[in-house]
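Report on the structure
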Amino acid sequence: MGLTLSDNCSISHLLEEIFRREGGKVLAALIGRLGDFELAQDVLQEAFVSALERWPHEGVPVNPAAWLVTTARNRAIDRLRRASVGLRKQKLWQTQMETEAYNEVTFAAESFPDERLKLIFTCCHPALNLEARVALTLHTLGGLTTPEIAHAFLVPETTMAQRLVRAKRKIKAAGIAYAVPPPHRLNERLDGVLAVLYLIFNAGYNASLGQSLVRAELCAEAIRLNRALIALLENETRLEDEPEALGLLALMLLHDSRREARTGPQGEIIVLEEQDRTRWNRSQIAEGHAMLDSALALRRPGPYQIQAAISALHSQAAQAQDTDWYQISMLYAELVRYNQSPVVRLNWAVAVAMATTPARGLEMLTELETGLQNYYLFHAARADLLRRAENWQAAQIAYSQALTLTHNEIEQAFLQRRLDELQVRLS
Amino acid sequence: MRYVALIYTNESEDMKANPAEQQAVMEAYNVFTTAADANGARLGGEALHPTSAATTVRVRDGKVLTTDGPFAETKEQLGGYYLLKCKDLDGAIELAAMIPGAKTGSIEIRPVVEWE
């Protein structure tokens, strides 16, 4: 046993820290051993309670994570013995557990294999619905509690709890494998994992007021999980085939570097052009650039890498007017080849307008009108280009249209501010 | 684990096939069954007559109510099934993706309840 801490408070603090940092790894090892999500989570919880009781007088074990795995595993054996499982099954269990021949002393000092890659692929399995994948990933790998996830996604706790239970039952009933997909399926399955991570990040990034605290945590969590994913792929020597994993991390780091600058003291929106660029996080930008470089060096471009490259160009401009809009518009043209969604084309039109003339961008927007006429950002973007073309009256109409299409107070405040500025021009 | 792969396709489209096309579909199914049998994954399976031959039965208040046709009118109809034995869902997905019906219709994979 290592250091002795008699203070209960610091033990619970330490456990919280271990849960955040190593909870995913511990859980992954347990699921691998027990083959059952719900059982693994239940006994892990019991192991944490047990640690809270025992560590204050027994001391903190040398390898706390390994201690938790062993204790939880023993709890699981107890449970299975007590439960009315068939005799044959029970025998099988006992032999399996005994031949493993771990005991608390030897195991606690050893490290255990990191099986989180399996866990990531199970949680993000396409046979689960997207909401379940997001919730399960945050819950098992991110170490977020059910109330925290519920709060972040604005659903009642009971709804989130049900969603998690249903997902775990489906994994068991449908026989979703606890395994890294075979090489010929890795690429398409990894796309699914990256999509979940990006969704978690965006849920955090598009924060609204009052949510901002929990939401910032979602961004950090997505980044942390992406880092872990990269390290795990590297261990399996599969990273070089999957540069999009690096591209997504670059993209998230570059976006996140502007988090402080994108809202004002009252939580109001500050658009990229008006942000105080000295408030951008330089070390995140540097890391994002380095990450993007190593992705691009693998010479397999993809949508995350392209988006990261766009973000990188923004971060290179010391002032808004230094932005290389020509390069950015070329990158959007490339991105449209992967993703033809109207929103991507909207951003493309804006980039073209900035690189050439507002009129050219407005022309491109007309083509998008039918698909996006109920989308407030379409009207806001159009209004912005009309404003740049000094067509004040048309801009005013477009801003008013945008204003009727959003219920978000922060967005409303932003559009109202623009309208007020136009009023000055018009009077 | 055991899974049932339910093959749903658009019957009216299937019926438009000329003899050569029908022959090609039959051969494609033969390729699938050969592949599935090679690793002992196919436990059973049948092709079904179209829904024009279907009869739906309900018992209400002790009376047997018989109606012509399938339970629900849908765009795709159940045309056959396989009973498969696979290690896990990924194994079942791999096999289901090889069923010719997956190219035009859809395959629903359902795990079989194993009574202990």
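Here the residue numbering is sequential within each chain, running from 1 through the sequence in written order. To read the labels, note that chains go from A and ligands from 1, taken in the order they are written. Residues qualify for local features only when their pLDDT is at least 70, as the model is predicted, and side-chain atom pairs are given and counted only at 80 or more; totals for whole chains, interfaces and linings, by contrast, use all residues. Excluded from the side-chain calculations are hydrogens and water; all other atoms, namely the structure's heavy atoms, are used.

Okay, the pattern of salt bridges next. Residue and element names in this part refer to chain A. Throughout this description, the term salt bridge denotes a Lys or Arg side-chain nitrogen within 4 Å of a carboxyl oxygen of Asp or Glu. Scanning the entire structure with this criterion turns up 34 salt bridges over all chains. A salt bridge links Arg259 to Asp256; the shortest N-O distance between them is 2.7 Å. Residue Arg259 is classed as partly exposed on the basis of its relative accessible area, which comes to 27%. Three exposure classes are used, based on accessible area relative to the maximum for each residue type with a 1.4 Å probe and protein chains only: buried under 20%, partly exposed in between, and exposed over 50%. For Asp256, a relative accessible area of 4% gives the class buried. Arg387 is the partner of Asp384 in a salt bridge, and the nearest nitrogen-oxygen pair spans 2.6 Å. Taken together, the residues span about one helical turn, with Asp384 and Arg387 both in helix H19 (residues 376-388) at a distance of three residues. Numbering goes from the N terminus for both helices and strands, where a helix is a DSSP run of H or I of at least four residues and a strand is a run of E of at least two.

Our next topic: the packing of aromatic side chains. Residue and element names in this part refer to chain A. Two rings from Phe, Tyr or Trp (for Trp, the six-membered ring) form a pair when their centres sit within 6.5 Å of each other. Planes less than 30 degrees apart are called stacked, planes more than 60 degrees apart edge-to-face, and all others tilted. What the rule picks out here adds up to five aromatic pairs over all chains. On the numbers, 5.4 Å between centres and 85 degrees between planes, the contact of Phe19 with Phe48 is edge-to-face. Of the two residues, Phe19 is situated in helix H1 (residues 8-34) and Phe48 in helix H2 (residues 37-58); the sequence distance between them amounts to 29 residues. According to the relative accessible area criterion, Phe19 is partly exposed, its value standing at 30%. For Phe48, a relative accessible area of 15% translates into the label buried.

Right, let's get into the interface of chain A and chain B. At the interface, eleven residues of chain A touch nine residues of chain B. Buried area is understood as the total, over both parts, of accessible area removed when two parts are fitted together, assessed with a 1.4 Å probe. It is Ala174(A), Gly175(A) and Ala177(A) that lose the most area in chain A upon contact with chain B, and together they represent 42% of the buried surface on that side. Summed over the shared surface of chain A and chain B, the number is two salt bridges. Polar contact criterion, stated in full: a pair of N or O atoms within 3.5 Å, where within protein one must be able to donate a hydrogen and the other to accept it, and residues adjacent in sequence count only if both atoms are side-chain atoms. Counting across the interface, chain A meets chain B through five residue pairs in polar contact (both at pLDDT 80 or more). For the side of chain A that touches chain B, the elements supplying multiple residues, two or more each, are helix H9 (157-174) and helix H10 (183-205) of chain A. Residue contributions to the side of chain A that touches chain B peak at three residues, all from H10(A). Throughout, the ten residues Ala, Val, Leu, Ile, Met, Phe, Trp, Tyr, Cys and Pro are labelled nonpolar, Asp, Glu, Lys and Arg are labelled charged, and all others, Gly among them, are labelled polar. Residues that form the side of chain A that touches chain B fall into these classes: five nonpolar, three polar and three charged. Should any heavy atoms of two residues lie within 4.5 Å, those residues are counted as being in contact.

Two strands form a pair only when DSSP identifies at least two bridges running between them. When strand S3 (residues 55-60) of chain B meets strand S4 (residues 63-68) of chain B, the two strands line up antiparallel, connected through six bridges. Opposite Val57(B), over in S4(B), you have Thr66(B) as the bridge partner.

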